[in-house]
Amino acid sequence: MSKRYAEDGGEGDQAYLKRQKISFSSNEVTIPPNPSIELEIRSARKLRQVLAFDQDVTQSKKAIQSFKTFLESIASTDDNSAQLSILKEYLEAQKPAEDDESATYLGDLIRTWGLASELNHDSLLSALPAIFALLLKTISNSLDLTEYGLRIGRMLLLKPQQELISRCLTASKTKEFIISPALRLLREIITFDVGTMAKQVFRARDETFKSLARNLRLKYTGDEVEDRRKPSVRTNALRLVLSSLKFLPMEAKRDLLNQREVVAALTRDLKDDPPFMVREILDILKTCVLQDDTLPRDAKTKIVNANSLGRISMLYRYHQFDEEISTDRTLKSVATVAHDFMLLACTSPDIGILNRQAGYYPRGINPDEMPDFGADHTVIDLGLDGIEWMDQFTENVPVRNTILSDFLQDLKPWSSLKQSELILAVLRAAPELVASYFICKKDFSFEPKLTATWIGYSAFIFTSLQLPIPKYFGHQQKYARLPPPTSILLENLLPRALTQKVLTRCLSHANNMITFFVVRLLCVALAKLKNMIRMHHEADTGSSSNWAKAAEKLTAEFCQRCPSIKDVISAFRNMPNTEMMQREATTKLLVLYYEVIPRVALDVKYDVSSTLSEVLLTMDESSKIPQDRIIRSIELENLFQFAHFSPGMRWFTKAGELTISPFMAMLKLSAEAPANFPLLRIRFVLKSVISETQILQSHTSLSALRLFILRLRDLRGSESGQVWEYVDDCVARCASKPIKYIFMLEEFQAEAHESDDEESCVSLVTLVLVEQWPFLAKKVSAEVLEEAAKFLASHIAGSIRIGEDKKVLKLVLKKLSFSTEDKFIQNIFDGARELEVSVPDMEAAPILEPLPVAETSVPSESEKSKVVETYMEDSEARAEDHSALTRWTNKDVDEVIEAGHAAALVRLLSSEHLSVRKEATTNLSKFSAKLKESMFEEKEQIWLLLAEVVETAKKVVDNGPLPNLISAFASSAITVLNDPLHCLYPKINKFLSQGPTWELDKVPLMYKILDEAPSLDDAHYLETAWLLNYMLAGLQTSADMSIFRKRRIFEKLLSLYNNTYLASGLRDKILRILYKASAIEGASTTLITRSSIMTWLQAQIALGGGLPLKVLLERIYDSCDQKRVGVWSKDGAQSIKSEAMKM
């Protein structure tokens, strides 16, 4: 006999069905899809029959499984219009009758859930929240069913259903199959309709968030990576918290972040979470917490603290396999996401834990306070020794960012590049932490050991020394009266681990890499010391010698920590010629020793001539390799600079096997240098030597040295070697016997000019070249002589072009031509007279680019239009929403409050139309009565508010509109009273208890907020922002403007604007109120004549207020009665506008 199947509506046969096996998982209860127990649903009537309440648990489980299959078919089918129609009809039929207040929406399912709770039936207790979650998820994909989803959500948030959800959430830790569906259900309610019911879920957090901290600790315990499709209890709890952070309003989000256990559990097991969950956590925390401008900073620090930073930093070593990133290359790795989050949290002063600091000045000192001896001449000024805190910070540096200071000590920059980048970013954002970090970092020694750890730490220190010096050493706007402590500056130059002994060992180490690291590190330290000394001299005003003494003290202590120049020279001598990079760096270090700390450099005498000879000889060997030649050129440039500091340097004497002198070698190197590699430091040395020897004149506006180098650049032929020697010999003769050639110049001058009083501007080396020409002509070949003649002719022609004495130089050319027998050479010299016109200006001297002209401070029209568009949004009159009169009638009480329908009714009391005002008064009275009889939790306070608004409006509604300021206050107060945790909740309740009606010409709570302490700590600026928002909404008409004028509100706002510690965004709100006032007729004139707004704006612009203030000033002046204002101010207002726009 075949097996019998259950029929619809059958009763007795159910008892003989075999009991079905239920399989549990951490995700949801799954009843095997056995055809023998599933019921096919083809109509809404059938669905009602299936889900009808039945005390038979087996029948209930079969019904839920059938409903689950039906809902899943909607998601899996493309053409699901028929199923959606069935579902919509069923949901519509489940609405309780209006006269039946005890009925519950979807009552059969709720009764089944209650039955499961009474019987402690785990499988059914798990299936009910799972089916509700699936139902909401299905409805959320259809816009037509949104209304039913909201009704389901509100039903589930009623007290009886809250208790059922709480029962599931508090189940035993081992019953994950009960906890997870409840968490998913809450998440679906929160995310439904873009978070419409998120606030209601959080308000009922005593039940909905029960045991949430515990559930966040129930992590996945399997060996493999957690599957996204089978989330653990912790993953479901995390998604609930993250959805709450995403959709909750600011006040509720702040309260959620104050839940210490929940926030701590959020990141406690972060390193064990699956990759997709880690990315989601950090992304939500970044976008919805750190980058939420409405969230106060104290709330953000709850999620970004020492514990959470340490846990997130562990993700740098995240080890779980990430399957998604292997298939999707656009995804960032967990370590990268964590690194981006840490950079944002640790380096942004407004959105993270970074506190504002004073750079190199430690916490607890005032660098502008110094002893004032006055007229008491008996007191001795001890200078830096008289400043008691100057030497106190050698072992401990008090900082303002204590959390970051402790956190950085736990990172390992030598083992992770990202950790090194994070530390450097924090040190760059908070320079006060540099000294503290290196002083406390005592567990690492810089003893030279070529290990990965030593190399990593050396690279980190090298990069940390490259951090910029904060402007004014961290003091605001200008240098302080006292310099920062020397010990702190020294730690920023050479950290404590870099002792003189250790650095000397590194320089003498056998491994070239260690030596190279230390040389580069010392170069950076000396360059930074040079900048610090320059800043000390800039800050030295002359009234006190403290800054100059501090610079001397810093230099002295630096010299005690850095190695002696003898050790650097010894390391340089031991370097082979093949190590070009190291030699270049070491020569640069030697130059810095002479430039920055000459007291150390002059301790040792070092003859650099031999080294110069060796390097110059190797230049020809490396000429075939451009890269090597460039490095050799830089090394030579450094050596020439180094030689310049040596008083015994013989510039014009050939050394060793060199064919030219060092001075000529510099000229040759400059001539051969490419245009994009000008070797400017060699030019500086050349100018210095020339100024001492007077080889070339320096009186013309165009450089004679530049011309000389350009002419030498033409000597590139095969015969140019002897020409270089000829020029070198002439330069040496000129340097050794300048008096002889000065007399020769006077003779040429006397012959060229009639008067001896005129001074000739001619380079002496030109006369030497002419004098030695006959001797050159006797000992060189014709080809060499031709090359030398071209050089000499072009040099003289260029000298004429740059402004040297034309008559003297033409006389020189004439004598050259007469002294030469070769006709071809004579033609070269004779042609030089015409050659002068062909010398390009660009070759005569470098073209100096004009200095950039400072940009005008007058704003452009495009900039002003952007500001005007921003402020015009508030200035436009708000259209009256008359549909609010009827829209509330078919809504539940909580929806009327939450969706803003009640606030819209209150705003209609300020309508221009009498009929609208009366209708709004009547509707508010009706809604108040409905609210009084409802089960709404905050009904008493909101009913009292609406009753007082109605009583107040009745006094004026027949004669005119209720002031917009009053209606704006009342509509904003509804939101406050709906949230008992709002910072203004106590003050508004106290205001409502003062009387049944309100005074219409006063601003509610203005003085309570601005002049009294806040109800909650750190909530003063939140209260102020709320006050400014309703003031902005309440300024609409001339009647509102008269209240502002009568109660001196503008004076209050201008005074508030000047508050130094005003929170960000509040100044912009004040400007918006002023701009909106300027749109009201006559308001601008009142602001000018009653509040002196023009003078105030001028002062604020002078203090750097920016473009919005200029636009506001122009707007107020253009919209006022200019004739009346001109008479009142004696045309002063117009001049104020003109001056302010140019600031």
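Everything discussed here concerns the structure shown above.
In this text, all values refer to a predicted model and were calculated from it rather than measured experimentally.

*Asks:* Outline the overall build of the protein chain, supporting the account with residue identities and numerical values.
*Replies:* What the protein chain contains, in helices and strands, is 61 helices and 0 strands. Per-residue burial over the protein chain gives 53% buried out of 1143 residues. Contacts in the protein chain between residues far apart in sequence, at least 24 positions, make up 74% of those at least 6 positions apart.

*Asks:* Just give me the short version of the nonpolar core, but keep the residues and values in it.
*Replies:* Ranked by internal contacts, the top residues of the largest apolar core, which has 371 residues, are W113, F132, I152 and W773. Residue contributions to this core peak at 14 residues, all from helix α26 (residues 512-539). Leave out the neighbours within four places in its chain, and W773 touches Y726, L785, A788, A789, L792, L816, S819, T820, I825 and F829.

*Asks:* Describe the pattern of salt bridges, with residues and values.
*Replies:* Scanning the model with the defined rule gives 42 salt bridges in all. Its salt-bridge partner being R561, residue E491 comes within 3.5 Å of it at the nearest N-O pair. Of this pair, E491 sits in helix α24 (residues 486-493) while R561 is found in helix α27 (residues 546-561), placing the two residues 70 residues apart along the sequence. Taken individually, E491 and R561 each receive the classification buried, so the pair is uniform in this respect. A single salt-bridge network, built from bridges that share partners, covers K219, D269, K271 and D272.

*Asks:* Go over the packing of helix α28 (residues 565-573) against helix α29 (residues 580-596), please, and point to the residues and values.
*Replies:* In a packed pair of helices, the relevant descriptors are the angle between the two axes and the axis-to-axis distance. With their axes 10 Å apart at the nearest point, α28 and α29 run at an angle of 160° to one another. Taken together, the axes of α28 and α29 lie roughly antiparallel to each other. In this structure, α28 crosses over α29, and the sense of that crossing is left-handed. Touching I565, V568, I569 and F572 of α28 are R583, T586, T587, L589, L590, Y593 and Y594, all from α29. In terms of residue class, the contact of α28 with α29 is made up of 8 nonpolar, 2 polar and 1 charged.

*Asks:* Lay out α27 with the relevant residues and their values.
*Replies:* Between its terminal C-alpha atoms α27 stretches 22 Å, which fits the 22 Å expected from 16 residues at 1.5 Å a residue. Taken as a whole, α27 has its buried residues at N546, W547, A548, A550, A551, L554, T555, F558, C559 and R561. Contacts made by the buried residues of α27 are with α24, α25 (500-507), α26 and α30 (598-601).

*Asks:* An account of the packing of aromatic side chains is needed here, citing residue identities and associated values.
*Replies:* Inspection of the entire model under this criterion finds 27 aromatic pairs. Taking 5.5 Å as the distance between ring centres and 75° as the angle between the ring planes, the aromatic pair formed by F969 and W998 counts as edge-to-face. On the criterion of sequence distance, the pair formed by F969 in helix α50 (residues 964-977) and W998 in the loop between α51 (985-992) and α52 (1006-1011) is long-range, its members being 29 residues apart. For the pair formed by F969 and W998, the shared burial category is buried. Three or more aromatic residues joined by ring pairs form one cluster here, namely Y360, Y472, F473, Y479 and W547. Residue placement shows R151 over the ring face of Y105; its charged tip is 5.6 Å from the ring centre. The positively charged end of K668 is found above the aromatic ring belonging to W724, 5.7 Å away from the centroid.

Here is what the cut-offs are and how they apply
Residues numbered from 1 in each chain as written. Predicted model: local features only at pLDDT ≥ 70, side-chain atom pairs only at ≥ 80, totals over all residues. Heavy atoms only, no water. Helix = DSSP H or I, 4+ residues; strand = E, 2+ residues; numbered from the N terminus. Buried < 20%, exposed > 50% of the residue type's maximum accessible area, 1.4 Å probe, protein only. Contact = heavy atoms within 4.5 Å. Core = buried A, V, L, I, M, F, W, Y, C linked by side-chain atoms within 4.5 Å. Salt bridge = Lys/Arg side-chain N within 4 Å of Asp/Glu carboxyl O. Axes fitted to C-alpha atoms, helices over the stretch in contact; angles between N-to-C directions. Parallel < 35°, antiparallel > 145°, perpendicular 65-115°, else oblique. Left-handed = near helix turned anticlockwise from the far one by under 90°. Nonpolar A, V, L, I, M, F, W, Y, C, P; charged D, E, K, R; others polar. Expected span 1.5 Å × (residues − 1). Phe/Tyr/Trp six-rings, centres within 6.5 Å; stacked < 30°, edge-to-face > 60°. Lys NZ or Arg CZ within 6 Å of the ring centre and 35° of its normal.

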